[in-house]
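Spelled out, the chains give:
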Amino acid sequence: MKLLREAYYIVLGFLQMLGACGIFLLKLLRFTPQALGRPGLIFQQVFNVGAMSLVLIMVSGLFVGMVLGLQGFNTLNKFAATSALGTVVALSLLRELGPVVTALLFAGRAGTALTSEIGLMRATEQLAGMEMMAVDPIRRVVMPRFLAGVISMPLLVGIFNAVGVLGGYLVGVKLMHVDIASFWSQIHADVDLHEDFRSGVIKSVVFGVACTLIAVFEGFYAQPTAEGVSRATTRTVVNSALAVLALDYLLTAFMF
Amino acid sequence: MKQTRTIEIVTGFFIILGFAALYVIATSATNIKSYGEAGYAVTASFTNIGGLKTRAPVTLAGVEVGRVTKIALDPKTFNAVVTIQMNGHFNQIPDDSTASILTSGLLGEQYVGLSPGGSDSYLKSGSVVQYTQSALVLENLIGQFLSNAGKSSSQGGK
């Protein structure tokens with residue numbers, strides 16, 4: 001009986017959070033035109049959110065691509081099909097690993113920064129101060145960060161994919177001596193511009209919205225204490241990861 | 001002031017790099033070239049297409065000249081009607097060319113091979129390829145072989 005009640009409250013809490021997130025998203029969307037009127041604020045946040053994640057994304061992309069090259073080579077070698085290595089690397093990156101891994105890294109690198117920054121503004125009553133000056137903190141603080149995240153994510157995914165394919169190329173062609181012509185010609189033949197590339201970009205935009213929304217939401221509604229901010233930061237990472245993986249399944253089921 | 005300038009430069013660099021990466025991936029790691037030319041569509045009907053799929057390449061002398069865009073079933077003749085989007089560059093292919101379904105590659109993907117005829121008029125949008133050769137189905141081949149073998153042995157017995 002007690003177990004049942006706990007499950008009931010967990011479900012209820014989940015629904016409440018989902019609803020609150022949705023309402024927050026609507027609030028944000030209402031301010032989009034005004035926020036776009038001040039691109040300076042957005043670009044400053046693109047620096048914080050996107051440009052600062054650049055090195056992390058590039059290094060991770062390189063290693064993911066290199067691992068794909070190695071693993072793919074070892075498996076394909078059993079079937080004497082190493083000429084398909086390029087396809088394996090490019091398709092796994094463009095369709096799955098690029099968007100998902102970038103979103104997970106983004107949640108850890110940029111999402112936590114957003115949450116703790118906004119949460120600390122809440123804790124130190126800067127947000128309340130803005131309201132006193134008749135400045136809406138959602139418009140001035142949250143909205144530029146949200147838009148910056150949504151802009152940055154597809155760009156980061158693009159960089160991740162490009163560096164990843166390069167990593168696969170380095171391991172496959174330079175290290176394992178797969179034929180360079182078959183590596184690229186297989187990619188050109190099998191990776192479809194619409195089906196594979198475009199759906200990867202759609203995924204990255206959706207993940208960008210989800211990760212950034214969760215980060216700013218958790219920060220904005222964090223309990224204004226040191227512990228509250230730290231909990232909100234943890235929840236950002238956990239919820240972003242769950243949201244990305246669940247959304248990934250849904251999007252994959254819809255698009256492919 | 002100097003710091004905001006650095007920030008702006010790095011941000012600009014990041015945005016350019018992001019778009020450049022997307023562009024490079026789209027142009028050099030996908031089949032974008034086969035979408036380039038508008039081209040023209042022709043159809044060909046086969047009694048059996050085997051495992052032909054849409055997006056399969058169409059080649060002439062091994063050079064890719066188009067792609068299969070649609071596969072339908074003719075409700076009257078029960079033939080498979082294959083729509084081929086030809087690349088616009090190749091607009092001088094004789095209209096009495098033969099289309100056959102062939103097999104390539106490790107996984108046995110099937111493609112359409114064109115062999116040119118001798119006609120003076122060319123395939124154009126909406127043309128129908130008259131001469132076609134269906135896919136070879138292994139089971140049918142074995143069946144034919146067995147029945148032939150049976151015939152010749154019974155003839156030998158007479």
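Residues numbered from 1 in each chain as written. Chains lettered and ligands numbered in written order. Predicted model: local features only at pLDDT ≥ 70, side-chain atom pairs only at ≥ 80, totals over all residues.

A. Up close: the packing of helix α3 (residues 39-49) of chain A against helix α7 (residues 137-175) of chain A. Residue and element names in this part refer to chain A. Relative to each other, α3 and α7 sit at 55 degrees, their axes nearing to 8 Å. As the angle between them shows, α3 and α7 are arranged oblique. The two elements α3 and α7 cross, and the hand of that crossing is right-handed. Contacts between α3 and α7 pair Leu41, Ile42, Gln45, Val46 and Val49 from the former with Pro144, Arg145, Leu147, Ala148, Gly149, Ile151 and Ser152 from the latter. A breakdown of the residues in the contact of α3 with α7 according to their chemical character gives eight nonpolar, three polar and one charged. (Axes fitted to C-alpha atoms, helices over the stretch in contact; angles between N-to-C directions. Helix = DSSP H or I, 4+ residues; strand = E, 2+ residues; numbered from the N terminus. Parallel < 35°, antiparallel > 145°, perpendicular 65-115°, else oblique. Left-handed = near helix turned anticlockwise from the far one by under 90°. Contact = placed C-beta atoms within 7 Å. Nonpolar A, V, L, I, M, F, W, Y, C, P; charged D, E, K, R; others polar.)

B. Fine view of the interface of chain A and chain B. Facing the 24 residues of chain A at the interface are 20 residues of chain B. Contributing elements (two or more residues each) for the side of chain A that touches chain B: α3, α7, α8 (180-190) and α9 (193-220) of chain A. At seven residues, the largest contribution of residues to the side of chain A that touches chain B is made by α7(A). Grouping the amino acids of the side of chain A that touches chain B by side-chain chemistry returns 17 nonpolar, five polar and two charged.

C. Region of interest: unusual backbone geometry. All names here are of chain A. With phi around 50 degrees, Ala80 is a residue other than glycine that occupies positive phi space. Mapped onto the fold, Ala80 is located in the loop between α4 (54-78) and α5 (85-123). One non-glycine residue, Ala134, adopts positive backbone phi at about 60 degrees. Of note, Ala134 is situated in the loop between α6 (126-132) and α7.

D. Geometry of the confidence of the model for chain B. All names here are of chain B. Residues with a pLDDT of 70 or more make up 89% of chain B, whose mean pLDDT is 82. The lowest-confidence element of chain B is helix α2 (residues 33-36), averaging 60 in pLDDT; the highest-confidence one is strand β4 (residues 80-86), averaging 89. Both scores are given for the predicted complex: the pTM is 0.78, the ipTM 0.78. (pLDDT = per-residue confidence, 0-100.)

E. Summary view of the environment of B:Ala80. Residues and elements named next belong to chain B. Note that Ala80 resides in strand β4. Judged by C-beta crowding, with 21 C-beta atoms within 10 Å, Ala80 ranks as buried. C-alpha of Ala80 to C-alpha of Ile49: the two residues are 31 residues apart in sequence and 6.8 Å apart in space. (Buried ≥ 20, exposed ≤ 12 C-beta atoms within 10 Å, placed from the backbone.)

F. Inspection of the nonpolar core at higher detail. Within the largest apolar cluster, 71 residues are counted, with the highest numbers of intra-cluster contacts made by A:Ala90, A:Ile159, A:Cys211 and A:Val216. Every element with two or more residues in this core is listed here: α3, α4, α5, α7, α8, α9 and α10 (226-255) of chain A together with α1 (2-28) of chain B. When residues of this core are assigned to their parent elements, the largest contribution, 18 residues, is made by α7(A). Setting aside residues up to four positions removed in sequence, A:Ala90 forms contacts with A:Val165, A:Ile187, A:Val191 and B:Ala29. Core analysis: the second largest hydrophobic core is formed by 20 residues, B:Leu52, B:Met86, B:Leu114 and B:Leu123 among them. (Core = buried A, V, L, I, M, F, W, Y, C linked by C-beta atoms within 7 Å.)

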